[in-house]
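# Structural features, examined
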Amino acid sequence: MTLVLGHRTFPDDATLMMAIVNRTPDSFYDRGATWAEDLAFERVDRVVAEGAEIVDVGGVKAAPGSAVDETEESRRVVAFVDRVRSRHPDLVVSVDTWRAAVAREACAAGADVLNDAWGGHDPALVDVAARFGAALVCTHTGGTPPRTRPHRIEYDDVMASVVRDTTAYAERAVAAGVDPRSVLVDPAHDFGKNTFHSLEVTRRLGELVATGWPVLVSLSNKDFVGETLDRPVGERLTGTLAATAVCALAGARVYRVHEVTETRQAVDMAASIAGRRPPARAVRGLA
Amino acid sequence: MSRILRVAVLPAAPVLLPAYAGSVDPVPELRAACRAAVRWLVEDPALPVLVLSAAPPPIDSAACPSRGARLASLLLGEGGHTGAWSEAGVRGPVRLPAGKDLAVLAFADGSARRGEKAPGYVDERAVGYDRAVGAALRTGDLAALRGLDLELGAELLAEGAPVLKALAGCVEQVENAEVGFDDDPFGVQYWVAQWRCVSAD
């Protein structure tokens, strides 16, 4: 399905890199590397140069930590969105927030996508997306509230829960007036899931792709990779890329990433193996 | 009148279950302590085992056995228990099978909010709460456990609070109490405790 992300439209065979840009002092991977606004801005320039089609700007770390209220989240995100919008007019700007109030200000500043990592916790978020013509990422959390870790959560069938909850959220968004071409679903690895759940969701991603909603995956350097390979944060790129390739083979469309160049190569390679993308240059045995 | 003769209190930690096993056991000491406690619990094979747990069922699942039942099945099997066992819920007063001597296997742990990396992050009340519960387990202080604040327990993600309160409500007297494991390796307080409640003689 054609993907409409704010002011940009992408054909149905396009895979997209969504580069993470944290406006936080405490996110797990970069630990405040782009907390200073100018450093965050430099990261945007860098990921654009690396080919990212989307940046995902977040003002609140996902894990529990220091409280960040709406005012502070807006302060971290909104002016920054405006600045990125001005500098990179073709770039799709996503904002990682679950709060409708923050989303409203971010959309007014030019955000194209609302990436709701917390599964529709704020019911008014769909109305903001509809009003501003923004795209919406509908994630699965198993009902866990924002900024909490999973604790002993179990499912009868985790993939069935993912498909049911994300498609219900997507349909709720469309009913609220969001363009159906602007709704993505995300199984949300690690969110409301232990490592076994995230591995199963990866293995069975094709079931979510089969719903017809474009699938976004956020795998980058997460705990399920670390636990599977027994690697700390900082040594999870190889595992991330392996999981990425599996998701790409299954047909995921958008990849939320720390490392753009490496992920792009993994996705392109998998897409070519799947027969969805021709090799860049093929002369071997062909001369 | 039923008499509870032995009690083992173990964590309700899913990490103990084979369905969640990696190639390296992240909790070898805890597992060893649990196995030892259950071996002791089932020394008399004629003693039926009553399992107490407050673990919620998996999402969407009506048919899947509770986590308490799965842990009990695993540990009782490993402990060589071939006799009867059953599970009781702890939402209300525990109904003991009439006229029997019993062993109780209670799955109860402390707060899951004991540090920044804990499942529930930090709650400054967690350490004090767990210290009090740990002391009650070590001394068999039934009054302290009967008086547990379940609301506070829920806020602290102490899944074991209602289990311990229910357990204390159906034990008459603890003659001897030991705690063989007392640690919080992942920010969740685990205990392995053994109580001898009434002389078996």
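Data block above holds the structure.
Each residue is numbered by its place in its chain's sequence as written, counting from 1. Chains carry letters from A onward and ligands carry numbers from 1 onward, assigned in written order. Given that the model is predicted, a residue must reach a pLDDT of at least 70 before its local features are reported, and side-chain atom pairs must reach 80 or more before they are shown or counted; all residues, however, enter totals for whole chains, interfaces and linings.

All names here are of chain A. Note on placement: V78 falls in helix α2 (residues 70–87). Exposure criterion: with C-beta atoms placed from backbone coordinates, a residue whose C-beta has 20 or more other C-beta atoms within 10 Å is buried, one with 12 or fewer is exposed, and one in between is partly exposed. V78 gets classed as buried once you count the C-beta atoms within 10 Å, which come to 22. Here the alpha-carbon distance between V78 and R23, two residues 55 residues apart in the chain, equals 10 Å. Sequence-distant contacts of V78, defined by excluding residues within four places in its chain, comprise E105, A106 and A109. Numbering goes from the N terminus for both helices and strands, where a helix is a DSSP run of H or I of at least four residues and a strand is a run of E of at least two. By the criterion used throughout, residues are in contact when their C-beta atoms, derived from the backbone, lie within 7 Å.

Residue and element names in this part refer to chain B. Two strands pair under a simple rule: DSSP has to find at least two bridges between them. Pairing is mixed in the open sheet, where 6 strands are placed in the order β3-β2-β4-β1-β6-β5. The sheet terminates laterally at β3 (85–88) and β5 (176–183), the two strands that pair on one side only. The mean angle between the axes of side-by-side strands here comes to 20°, regardless of whether they run parallel or antiparallel. The sheet contact formed by β5 and strand β6 (residues 190–196) spans 7 bridges and is antiparallel. Helix axes are fitted only over the stretch in contact, all axes being lines through C-alpha atoms; the angle between N-to-C directions runs from 0 to 180 degrees.

Let us look at the sheet that holds strand β6 (residues 113–116) of chain A. All names here are of chain A. If you walk across this open sheet you meet the 8 strands as β8-β7-β6-β5-β4-β3-β10-β9, and the pairing is parallel. In this open sheet, the two strands that pair with only one neighbour each are β8 (183–186) and β9 (216–218). Mean inter-strand twist for the sheet, computed between neighbouring axes without regard to direction, equals 25°. Two strands pair when backbone bridges link them, and strand β7 (residues 135–139) and β8 are joined in this way by 4 bridges, in the parallel orientation.

Right, let's get into the interface of chain B and chain A. Facing 13 residues of chain B, the contacting portion of chain A comprises 13 residues. Under the scheme applied here, ten amino acids are nonpolar (Ala, Val, Leu, Ile, Met, Phe, Trp, Tyr, Cys and Pro), four are charged (Asp, Glu, Lys and Arg), and all others, including Gly, are polar. Taken together, the residues of the side of chain B that touches chain A break down into 9 nonpolar, 2 polar and 2 charged.

Once that is clear, we can look at the nonpolar core. Grouped together as the largest cluster of nonpolar side chains are 82 residues, with contacts concentrated most on A19, V55, V81, L114 and L136 of chain A. Not counting the four nearest positions on each side in its chain, L114 of chain A is found in contact with V95, T97, A103, L125, V128, A129, A134, L136 and V137 of chain A. Formed by 65 residues, the second largest nonpolar core is a distinct cluster that contains A12, L47, L145 and L148 of chain B. Note on terminology: a nonpolar core is any set of buried Ala, Val, Leu, Ile, Met, Phe, Trp, Tyr and Cys residues joined through C-beta atoms within 7 Å.

A few words now on helix α1 (residues 37–49) of chain A. All names here are of chain A. Taking 1.5 Å of rise per residue, 13 residues should cover 18 Å, and α1 covers 19 Å from first to last C-alpha, within 8% of that figure. Every buried residue belonging to α1 is among A40, V44 and V47, and all of these are buried. In a view along the axis of α1, the buried residues occupy a sector of 75°, so they form one face of it. Exposed residues on α1 whose side chains face more than 90 degrees from its buried face are D38, E42, D45 and A49. Looking at the buried positions of α1, the neighbouring elements they touch are β3 (16–22), β4 (54–58), α2 and α10 (260–273). Note on α1: the residue one or two positions beyond its end, G51, has a positive phi of about 105°. Here the expected length of a helix is defined as 1.5 Å per residue gap, with one fewer gap than residues. Here the arc refers to the directions that run from the helix axis out to each C-beta atom.

Residues and elements named next belong to chain B. Judged from the 4 bridges that link them, strand β2 (residues 49–53) and β3 form a sheet pairing that is parallel. Bridge pairing in β3 places L50 opposite S86. In the classification by handedness, the crossover that spans β2, the intervening helix α2 (residues 67–78) and the parallel β3 is right-handed. Handedness rule for crossovers: strands pointing away from the viewer, path from the first strand over the helix to the second running clockwise, crossover right-handed.

For the rest of this paragraph, the subject is helix α9 (residues 237–250) of chain A. Residue and element names in this part refer to chain A. End to end, α9 covers 20 Å across 14 residues, agreeing with the expected 20 Å (1.5 Å per residue, within 8%). All buried positions along α9 are accounted for by G239, T240, L241, A243, T244, C247, A248 and A250. Along its buried surface, α9 packs onto α6 (195–203), α7 (205–209), β9, α8 (223–229), β10 (254–257) and α10. After α9 finishes, the residue G251 shows a positive phi value of roughly 110°.

This part covers the pairing of β4 of chain A. Residue and element names in this part refer to chain A. Judged by how many residues are buried, β4 sits mostly within the fold: 5 of 5 residues are covered. Along β4, one buried face is formed by I54, D56 and G58 and the opposite face, lined by V55 and V57, is buried too. Across 5 bridges, β3 lies against β4 in parallel orientation. Within β4, the residue paired with A19 across the bridge is V55. Regarding topology, α1 serves as the crossover connection from β3 to the parallel β4, and that connection is right-handed. Pairing analysis gives 5 bridges linking β4 to strand β5 (residues 92–96), with the strands arranged parallel. Its bridge partner being in β5, V57 is matched across the sheet by V95.

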